[in-house]
Amino acid sequence: MTESSSNAQSTVSQLIVDREACLLAPYAMHSADTSGRRYPEALHRYRGPFQRDRDRIIHSAAYRRLAHKTQVFTGEMGDYHRTRLTHTQEVASIARSLGRALRLNEDLIEALALAHDIGHPPFGHAGQDTLDKCLAEEGGFNHNRQALRIVEYLETRYPNFPGLNLSREVLAGQATRVRDARRGGSPLLEVQVVDAADSVAYNTHDVDDALEVGLIELRQLFKVPLWSAAQRRVRKSYQDIAGDELKRAVLHELIEWQVSDLLEQTSRAISSHGVDSVAAVNKSPRLVRASSPIAEQKREMETFLHAHVYRHPLVLDMRREAQGYLCEMFERYSVEMRLLPAWFQSRCAREGVARTVGDYLGGMTDRFALQEHARLFKPFNRH
Ligand code: MG
């Protein structure tokens, strides 16, 4: 008996089925209705399919490496700011809060959230842009597509299949993040919730990190509508706080306020569209949305972040340096394949040299990429 026919017989699985029938809304993705996996697997005694997906992601090498990958700021800018891993955990935390309040499948939400950034190469978007150029003739490089490549193919953890053999719902959810892999209709609410949580998390923590690193000052934010509105809300409870205390209170309020707004809007949209099943979610427009005033203010916040943080001279310097390193390494490995680890060398014939080098570079952490660059190009400078 396999997972895709899990709604009968097995007692433990029946416990999961019953538990979800009790806790989840009719428009949530129930484990009993999963389309299963590409390589069918026997039911697990006590874990549902999406719990297994989450566990497989957590135990993957690509997930562990997120600890040493840049979000926006590099390690040279201190230890306070987020890494891809802590960003991922914040997204999972916010998405689960939304999911529980909406009575969605939290295991599926967590699996989707933990995998959503797993395809990021080293050095954040600078790394992605560089690999995209290097691989232009091979179809480019996109971190969302790379996440699918990792979980379907590059992780090798099981003897009987490549990749992590995740449930089709997790793969389809990640595919909605890839422009040319989207299918018709709206994705599951679990997928929509993760997208919304990603946006809440990065907007808020990029402001926090930029303040801490010193790229922006608190007074600049007073003119940003989303910040000033959150600050006014904080002032209703705390009239006299200032400086760091005010900053922390506003950051907290930004998340709390946006999550509450998403919950209100989404609950209203679910009832106004009469959504009572997964099929109805698919036929409806996207239901997990911020209210118009908050959506507009978020866009203004993003414009501010682009101008003052993502395009800050220090961040641009880091980008240039990282792009140079990755380009040099890409060229070197492409002509000297013997420098690649044996496992990657063995894949060159089947996958092509460029794609294989892209996979290898894409998997590197920032730190390993810097070490590897020094090994290849400055062998006598190492101490
Ligand atoms: Mg993200």
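All residue numbers refer to position in the chain's written sequence, counted from 1. Predicted model: local features are reported for residues with pLDDT of at least 70 only, side-chain atom pairs are reported and counted for 80 or more only, and whole-chain, interface and lining totals are derived from all residues. Side-chain numbers here rest on the full set of heavy atoms in the structure, without hydrogens or water.

A. Inspection of helix H9 (residues 189-213) at higher detail. We count a stretch as a helix when DSSP gives it H or I for four or more residues in a row; a strand needs E for two or more, and each element gets its number in order from the N terminus. In a helix, the anticipated span is given by 1.5 Å times the number of residues less one. With 25 residues, H9 ought to run about 36 Å at 1.5 Å a step, and its terminal C-alpha atoms sit 36 Å apart, in line with that. Burial status follows relative accessibility: with a 1.4 Å probe on protein chains alone, a residue under 20% of its type maximum counts as buried, one over 50% as exposed, and anything between as partly exposed. Counting buried positions along H9 yields 21 of 25 residues, so the element is predominantly enclosed. Phi for Gly214, located one or two positions after H9, is positive at around 95°.

B. Inspection of the coordination of the magnesium ion at higher detail. Donor atoms: N, O and S within 2.8 Å of the metal, or within 3.2 Å for Na, K and Ca. Because water is excluded, sites can look incomplete. Donor atoms from the polypeptide that coordinate the magnesium ion comprise His87 (NE2), His116 (NE2), Asp117 (OD) and Asp198 (OD), at 2.2 to 2.5 Å from the metal. Along the chain, the residues donating to the magnesium ion are arranged with the sequence spacing H-x28-H-D-x80-D. Of the two residues, His87 sits in helix H4 (residues 84-101) while His116 sits in the loop between helix H5 (106-115) and helix H6 (124-134), which places them 29 residues apart along the sequence. Using a relative accessible area of 0% as the deciding quantity, one classes His116 as buried.

C. Summary view of unusual backbone geometry. Backbone geometry at Arg103 places phi at a positive 60°, although glycine is not the residue there. Residue position: Arg103 is located in the loop between H4 and H5. The backbone phi angle of Asn165 is positive, close to 50°, even though this residue is not glycine. Relative to the assigned elements, Asn165 resides in the loop between helix H7 (143-154) and helix H8 (168-175).

D. Structural view of the environment of Asn142. Along the chain, the position of Asn142 falls in the loop between H6 and H7. Taking relative accessible area as the criterion, Asn142 reaches 23% and is therefore assigned partly exposed. Along the sequence, Asn142 and Glu336 sit 194 residues apart, while their C-alpha atoms lie 25 Å from each other. Any N or O atom pair separated by 3.5 Å or less is treated as a polar contact, with the protein-specific requirement of one donor-capable and one acceptor-capable atom, and with residues adjacent in sequence counted only for side-chain atom pairs. From its side chain, Asn142 meets the backbone nitrogen of Asn144 in a polar contact 2.8 Å long. One polar contact links the side chain of Asn142 to the main-chain amide nitrogen of Arg145, over a distance of 2.9 Å.

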